[in-house]
Each structure stands twice: as C-alpha cells, then as structure tokens.
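Structural characterization, general
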Amino acid sequence: MPTAAQLESLYRVSYQLTHTMLQPIHLVCVDHRTRNVYVLAGYGEDLEFEIVPNGEVF
Amino acid sequence: MSQVNFDTMSDAELKRYFLSNRQDQAAFQAYLDRFSQRPKSLIASPSDPDFDAKIQAAIRQKLEASRSNQPANNAVERTE
C-alpha cells in the first residue's frame, strides 16, 4: 500500500491531470521494490510521474 | 511460456507492450527499471504551498515536449 503522503499527492496529481488538464490516466501502480507510486497518463501515454513515500512528486 | 526479449525493444515499444499485456509483470518491471534509471527532477513536495500549480506546470511542460517531438502525431490515437 502507498503511504498516506503518497495517496494525498496522488489525489492532487490525479486531480490536475483529469480535471484541470483533461488527460486520461492509464496506470497507477506501486513498484514493490522501491515503494514508489508510478503514474502513467496522457492521451499520448507520455505523462509519467513518480511519487516517493514521503509524497514528493518527480 | 514464450519469452519476450525486452532488451531489444525501445522504451516506447516496451511501454506499449506492457500496456497491452498487463498480466506480464516482467515487462512492467523491465520498464520500471528503465524509468528509474532516467534522470528525474523534483516537481513538488507536499509542503509546497504552490504544489498544485507546480504539478500543473509540469503537466503542461511534458505535453508541450511530447508535442514538439512528434508534431504530426498529436491526434489521439485509439486502438480498440
């Protein structure tokens, strides 16, 4: 499971992607080796984000 | 079980492959390995007062970057 900080950042990123920028999200997944949340979005499947356990977005 | 050689795929090909073969954990892990090796910069921290604006700016920037990489192919491509 993601951390609470990751979930909060994930919500805010998802909101900006889908509500503000009107982009679809294709995949949200935790990399179990690094515990990072991976997000793949965008009509061109080219918007990628990584959310580390402390909630920082890369 | 057939073995797919991910090493011969480009990043874009591997991405397409794992999106159409989501049960293939090895493909996704292989992609994540490549993704984690790419240099990345911090976009926003939860403590940033302008977190949302930073995320929005990053999305815009990424969209513009991908548009300029493929000017003739910015239409939505749908495969059913």
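Residues numbered from 1 in each chain as written. Chains lettered and ligands numbered in written order. Predicted model: local features only at pLDDT ≥ 70, side-chain atom pairs only at ≥ 80, totals over all residues. Heavy atoms only, no water.

1. Examining the overall build of chain B
Regarding its fold elements, chain B presents three helices and zero strands. The secondary structure elements of chain B, listed N-terminal to C-terminal, are α-α-α. Out of the 80 residues belonging to chain B, those deemed buried represent 30%. For chain B, long-range pairs separated by at least 24 residues make up 19% of all intrachain contacts whose partners lie at least 6 apart in sequence. Accessible area for chain B stands at about 5,600 Å²; split by element, carbon and sulfur atoms hold 48% of it. (Helix = DSSP H or I, 4+ residues; strand = E, 2+ residues; numbered from the N terminus. Buried < 20%, exposed > 50% of the residue type's maximum accessible area, 1.4 Å probe, protein only. Contact = heavy atoms within 4.5 Å. Areas by Shrake-Rupley, 256 points an atom, 1.4 Å probe, with all protein chains shown as cover.)

2. Observations concerning the side chain of glutamate 48 of chain A
One can find glutamate 48 of chain A in strand 3 (residues 47-51). Overall, glutamate 48 of chain A belongs to the buried group, its relative accessible area being 7%. Reaching out from glutamate 48 of chain A, the side chain makes a polar contact with the side chain of arginine 38 of chain B at a distance of 3.1 Å. Not counting residues up to four positions away in its chain, the partners in contact with glutamate 48 of chain A are Tyr38, Val39, Leu40 and Phe58 of chain A together with Lys15, Tyr31, Phe35, Arg38 and Lys62 of chain B. (Polar contact = N/O pair within 3.5 Å; in protein donor to acceptor, adjacent residues only side chain to side chain.)

3. A closer look at the pattern of salt bridges
A side chain of one charge can pair with a side chain of the opposite charge if their charged atoms are brought near each other. Evaluation of the coordinates by the stated rule reveals 11 salt bridges over all chains. Between arginine 38 of chain B and glutamate 48 of chain A there is a salt bridge, and its shortest N-O distance comes to 3.1 Å. Note that arginine 38 of chain B is positioned in the loop between helix 2 (25-37) and helix 3 (51-69) and glutamate 48 of chain A in strand 3, a pairing that runs across two chains. For aspartate 11 of chain B, the salt bridge is made with arginine 38 of chain B, and the minimal N-O distance between the two is 3.9 Å. Taken as a pair, aspartate 11 of chain B in helix 1 (residues 11-20) and arginine 38 of chain B in the loop between helix 2 and helix 3 lie far apart in primary sequence, 27 residues in all. Under the relative-accessibility criterion, arginine 38 of chain B is labelled partly exposed at 29%. When salt bridges with common partners are traced through the structure, they connect Glu48 of chain A together with Asp11, Arg34 and Arg38 of chain B into a single cluster. (Salt bridge = Lys/Arg side-chain N within 4 Å of Asp/Glu carboxyl O.)

4. Focus on the packing of aromatic side chains
By the definition in use, this model includes seven aromatic pairs over all chains. Between phenylalanine 18 of chain B and phenylalanine 28 of chain B, the ring centres sit 5.0 Å apart and the planes meet at 55°, which makes this aromatic pair tilted. Taken together, the positions of phenylalanine 18 of chain B in helix 1 and phenylalanine 28 of chain B in helix 2 put the pair 10 residues apart, joining distant regions of the chain. Like phenylalanine 28 of chain B, phenylalanine 18 of chain B is buried. Pairwise contacts between aromatic rings join Tyr38 of chain A together with Phe18, Phe28, Tyr31 and Phe35 of chain B into one cluster. Over the ring of phenylalanine 35 of chain B we find lysine 40 of chain B; its NZ or CZ atom is 4.2 Å from the centre of that ring. Positioned above the aromatic ring of phenylalanine 49 of chain A is the side chain of lysine 62 of chain B, whose terminal nitrogen or guanidinium carbon lies 4.6 Å from the ring centre. (Phe/Tyr/Trp six-rings, centres within 6.5 Å; stacked < 30°, edge-to-face > 60°. Lys NZ or Arg CZ within 6 Å of the ring centre and 35° of its normal.)

5. With respect to the interface of chain A and chain B
Interfaces are often sized by the amount of accessible area the parts lose when they come together. Taken together, the 27 residues of chain A in the interface contact 30 residues of chain B. Carbon and sulfur atoms make up 63% of the surface buried where chain A meets chain B, a total of about 2,800 Å² over both sides. Broken down residue by residue, the surface that chain A buries against chain B is led by Arg12, Met21 and Glu48 of chain A, which jointly contribute 20%. Where chain A packs against chain B, one counts five salt bridges. Put simply, arginine 33 of chain A and aspartate 33 of chain B hold a salt bridge, and the shortest N to O gap is 3.0 Å. For the pair chain A and chain B, the number of links is 14 residue pairs in polar contact (both at pLDDT 80 or more). Counting residues per element, the ones that place at least two in the side of chain A that touches chain B are helix 1 (4-20), strand 1 (25-31), strand 2 (36-41) and strand 3 of chain A. Here the side of chain A that touches chain B takes six residues from helix 1 of chain A, the largest share from any one element. A breakdown of the residues in the side of chain A that touches chain B according to their chemical character gives 12 nonpolar, seven polar and eight charged. (Buried area = accessible area lost by both parts, 1.4 Å probe. Nonpolar A, V, L, I, M, F, W, Y, C, P; charged D, E, K, R; others polar.)

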